Structure formats: structure tokens, C-alpha cells
Amino acid sequence: MIRVLVTLIQILICFLLQSTVFPSFELANVVPDLLMILVVTVAYTRGIFPGMFTGLVCGLLLDCTIGDVIGIYGILYMFIGYFNGYANKIYDKEDYTIPLLLIAASEFIYCFFYYVAEFLLRGRLKLGFYAYRIMLPRVIYTVLVGILFYKLFHMIHLGLTKLSNKEGS
Amino acid sequence: MRRKTPKISIQPKHVLTFCTVICLILIFLSFRYETLLSPVKTAVGSIVTPMQKGINTFGSYISDKLDTLANMRDLIDENEKLKSQIESLKVENSILIQDRYELDGLRRLYEVDQKYADYPKVAARVISRDSNSFYNVFTIDKGAEDGIKVDMNVLAGNGLVGIVTEVGKNYSKVRSIIDDASYVSGMFLKTSDTCDVKGDLQLLDEGVIRIEAISMNADIKDGYEVVTSHISNKYLQGILIGYAYDIEVDSSNLAKSGYLRPAVDFEHLEEVLIITTLKEKLEKAE
């Protein structure tokens, strides 16, 4: 129960940071995707179900605030949470490389599908340009910020695990 | 360490399918009936907006303080320069005031109304930018409560910024004219030739917009002002958009096209003005 509450608060804080504070730190005109980092972290540390639902909530929140059509972000983030949940099988407390790789891959896939849904269908065919101008910087920036935030989220996760173990015993 | 997933064994696959179907239904609904889900959006917006506002106020307070410390020396230099500028401007101003009286007199003589300058305006603050880098949409802190409606024109300084696309209780969303999906019908002030002003993501970095469909007969020179035209059914007539340059004949040899430098600095938008007059809708007779 506490876990669900904490995750919801994390989602809200990440969303607020992403929409207000981070735009003033933008590099190469892109903003890092904190919600993506959160979804991947939850999925990687806790498995398919939590990952999937965190993704769904994040996506719907984005849909309701910045999206035009409700549901597109929801689907994208949910699938990302779901597939990252499989990586939970190779979860290791000490490893910081795998989550970062996961974040990079997820962000790239997310950008690609977003491009397909919103730009390709309107007849904007210059994939190379979009890859160079938005996808690449976004992936790099998100991973850089991810180093810091993954550690933070992971620490919160470990703290909660300790807490629930203490209550259990 | 790893927690057991629920005791009742539900396959993740099935939950995923279920949620996907729900999302697809939502997408369909919001495509088909645009207004159906807007209460949900408004509800979420009115929860989130005050928080964003608070964070922004706090952030701008801190960055203001930091800027004050950093810019002290620059400001002193600038102050000197400005003082000397004021002197020359004072002289200029007195000449201009005389001209204005003369102009007023002449206007009255010709009974020319001030056609464009007198639209009623409301000021608003930009509180959040779309965190998705693909678009140029931002949120302002005025909404339906302050009388904002969809399709109202948004200005900053003396140039066109964009148009209100969505209104919540206490916030509204503005699509800027440099947005990839934006499309404005423009007109050259000097020659009255019309053109299409289209935002383009690819040109965004250079801070310019594309203008297209200029008549072959139009004689356009660099630096001509482009204003919103009488053709558009959303934008009020005569608002400055920017200055044209590099006009060339299209490869199709049917029209000319070129680039436009916007009159507004989109990088540093903080406060905008919303014109509360809507262009009259064309309606069929009963």
C-alpha cells in the first residue's frame, strides 16, 4: 500500500519537474524524460505488473495534460513498462549498466513510435532529420539524467523493501 | 528480495491486452468526439496547474536572485549607456509627440478609425512548456474563468505568438506559429499579396518560418512586413507576424516561397497578451 502511494507521489513529482523545472535546463532543445526513467526503474526493480501500471498512469497523466488524443502516451508507456518488466529476472542490486541501457533503448523506441504516430502519418518523411534533431539528443540527455535519478529511485526502493521486511518479521 | 506477484495467478499478458483495448477505446473516443473527454482533461489540469504555478514562482524567484548577483557589473555599465540614450530619446520623443498631434488632427480630418490597435487584451504568464520536444505548445495561467475562449489570438510584444487551442478552468493551451502543425494565412502589408505561413520543425533551430504560395506577380523584397490577412477565419486581421526574406520562385514555377523571421522571440516567452475579441464566425443563414 505504502509502495503504491510512494510511486504515485514519485510520478507526480517527476511530471511537475519535467514540465516546469527541466525546460530551463534544456540542452539542444530537448528535455530529459524523467517519467521514462521512473517507469523503467520500477519495471526493472519490481517486475511486470508494477511496471505496466506505473507506465499506464504516467502515460494517462501526460495524455490529460499535454496530449491532444487521450491514450497514445498511455499505450506507449504501458508497453515499455511491460517489456522492461521482463528484465526484472536479471535484476541485480549492484548493477548500474543494465538499467541505463534499458532506459536508452526504451527512450529510443518511445521516440520512434511517437514519430510514426504523429509525424509519419502526416506525411513528414525525413526520419533522418528527426533522429538527429530530437531522438538522439533526447536519448543521450535522458540517460545522463538517468544516472542520477536511477540511483535516487533505487535508494527509495531499497528503503521501502527494508521497511516492509521489518514489518513482516 | 523480489516480491511475489499476486496470489491469484493472472497472466500479465491478459492484463496488458485488457489495458491496451481500454486505451484504444479512449483514443477512438477522443478522436471521434473531441469534447467528450475534455472534462477529464480540465479536472486533471486544474489539479496540476496550481502546483506548476507554485514551482514556477519559486524557481523564478531564485533565478532572479542569482541573476541580480551575476549581472550587477553589467547593469552599471548598461545604466550609463541607457542614461545617455534617454537624453537623445527625449529630444526624439518631443518631435514625435508634435508629429502625433498633427497625425491625430489629420486622422480626424479623414475620419479614419484606428482599425487594429484597439483590440481588448488580457495579459497572462507562461507557466509550462510542452515537455515533448516535438511540438511548440505552451500553457498559460488564464482560463475560462478569465474569459479566455478557444481560437483567441495570442500576442507578445507587437507580434503574433499563436492561438489558443484548449481552455481549462484556470489554464489554457497555446499553439505557437512556429509549431510544426501551425498554419496561418498572411498578407504583405506593402503590396497586399497573400501568402501561407507554415511552421516547420526543421527550420525551428534557425528561428525562422516558411512562407509559401505567394503570387508570381507579387514583387516582394527582403524585410517586407507580413501581417495576418483578411482571409483567415481565426486570426484577426493586421497582426504583425514577421519579416520576409529570401523569396524565390518555386520549382513548380507557379508560385513563390521564402522564409520569414518572426517578430517575437520564442525562446524567451514569459508573458503574453491574449486578444479577447474573436473573429466572427461565418455562419449559414437560418
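Residues numbered from 1 in each chain as written. Chains lettered and ligands numbered in written order. Predicted model: local features only at pLDDT ≥ 70, side-chain atom pairs only at ≥ 80, totals over all residues. Heavy atoms only, no water.

### Here's the deal with the overall build of chain A
Each helix and strand counted, chain A has six helices and zero strands in total. Taken from the N to the C terminus, the helices and strands of chain A come in the order α-α-α-α-α-α. Here chain A holds 169 residues, and the buried ones make up 57% of them. Relative to all contacts within chain A whose residues are 6 or more apart in sequence, the contacts with residues 24 or more apart total 71%. As displayed, chain A offers around 7500 Å² of accessible surface, 74% of which is attributable to carbon and sulfur atoms. (Helix = DSSP H or I, 4+ residues; strand = E, 2+ residues; numbered from the N terminus. Buried < 20%, exposed > 50% of the residue type's maximum accessible area, 1.4 Å probe, protein only. Contact = heavy atoms within 4.5 Å. Areas by Shrake-Rupley, 256 points an atom, 1.4 Å probe, with all protein chains shown as cover.)

### Quick word on the overall build of chain B
When helices and strands are counted, chain B shows two helices and 12 strands. The helix and strand sequence of chain B, counted from the amino end, reads α-α-β-β-β-β-β-β-β-β-β-β-β-β. Counted over contacts in chain B with a minimum sequence separation of 6, partners at least 24 positions apart contribute 56%. When the accessible surface of chain B is totalled, it reaches about 18200 Å², and 55% of it is carbon and sulfur.

### Digging into unusual backbone geometry
Residues and elements named next belong to chain B. Its identity is not glycine, yet Ala 213 carries a phi of approximately 55°, on the positive side. Along the chain, Ala 213 falls in strand β8 (residues 209-214). For Asp 246, which is not glycine, the phi dihedral falls at a positive 55°. Taking relative accessible area as the criterion, Asp 246 reaches 40% and is therefore assigned partly exposed.

### Structural notes on the environment of Asp 250 of chain B
Residues and elements named next belong to chain B. Secondary-structure assignment places Asp 250 in the loop between β10 (240-249) and β11 (256-262). Ignoring sequence-local partners within four residues, the contact set of Asp 250 consists of Ala 255, Lys 256 and Ser 257. Looking at Asp 250, its side chain comes within polar contact range of the side chain of Ser 257, at 2.6 Å. (Polar contact = N/O pair within 3.5 Å; in protein donor to acceptor, adjacent residues only side chain to side chain.)

### Things to note about the confidence of the model for chain B
Of all residues in chain B, 90% have pLDDT values of 70 or greater, and the mean over the chain is 80. Scored as a whole, the predicted complex attains pTM 0.62, and scored at its interfaces, ipTM 0.75. (pLDDT = per-residue confidence, 0-100.)

### A few points about the interface of chain A and chain B
Buried accessible area, meaning the area lost when the parts come together, often serves as the stated size of an interface. With 53 residues of chain A at the interface, the matching set in chain B holds 45 residues. The junction of chain A with chain B conceals about 4500 Å² of combined surface from both sides, 66% of it contributed by carbon and sulfur atoms. Ranking the residues of chain A by area buried against chain B places Phe 49, Cys 64 and Ile 70 of chain A at the top, with a combined share of 14%. Our count for the chain A to chain B interface comes out at four residue pairs in polar contact (both at pLDDT 80 or more). Among the elements that make up the side of chain A that touches chain B, the one with the highest residue count is helix α3 (residues 48-65) of chain A (10 residues). When grouped by side-chain class, the residues that make up the side of chain A that touches chain B number 31 nonpolar, 11 polar and 11 charged. (Buried area = accessible area lost by both parts, 1.4 Å probe. Nonpolar A, V, L, I, M, F, W, Y, C, P; charged D, E, K, R; others polar.)

### Looking at helix α2 (residues 34-46) of chain A
Residue and element names in this part refer to chain A. The first and last C-alpha atoms of α2 sit 18 Å apart over 13 residues, in line with the 18 Å expected at 1.5 Å per residue. Listed in full, the buried residues belonging to α2 are Leu 34, Leu 35, Met 36, Ile 37, Leu 38, Val 39, Val 40, Thr 41, Val 42, Ala 43, Tyr 44 and Thr 45. One or two positions beyond α2, positive phi appears at Gly 47, with a value near 110°. (Expected span 1.5 Å × (residues − 1).)

### So, the environment of Leu 37 of chain B
Here Leu 37 of chain B is to be found in the loop between α1 (12-32) and α2 (38-110). Residue Leu 37 of chain B is classed as buried on the basis of its relative accessible area of 14%. With residues near it in sequence (within four places) discarded, Leu 37 of chain B still touches Ile 70 of chain A together with Leu 26, Leu 29 and Ser 30 of chain B.

### Concerning the state of the cysteines
Applying the stated criterion across every chain yields a total of zero disulfides over all chains. In this structure Cys 58 of chain A is not part of a disulfide, and its nearest cysteine sulfur, from Cys 14 of chain A, lies 7.5 Å away. Take Cys 23 of chain B: it sits in no disulfide, and the sulfur closest to it among the cysteines is that of Cys 19 of chain B, at 6.9 Å. (Disulfide = S-S within 2.5 Å.)

### A short note on the pattern of salt bridges
Counted according to the given criterion, the structure contains 11 salt bridges over all chains. The residue Lys 234 of chain B makes a salt bridge to Asp 151 of chain B at a minimum N-O spacing of 3.9 Å. Taken as a pair, Lys 234 of chain B in the loop between β9 (225-228) and β10 and Asp 151 of chain B in the loop between β2 (137-140) and β3 (153-156) lie far apart in primary sequence, 83 residues in all. A relative accessible area of 37% places Lys 234 of chain B in the partly exposed class. The class of Asp 151 of chain B is buried, set by a relative accessible area of 15%. Each of Asp 33, Glu 107 and Arg 138 of chain A takes part in a single network of salt bridges with overlapping partners. (Salt bridge = Lys/Arg side-chain N within 4 Å of Asp/Glu carboxyl O.)

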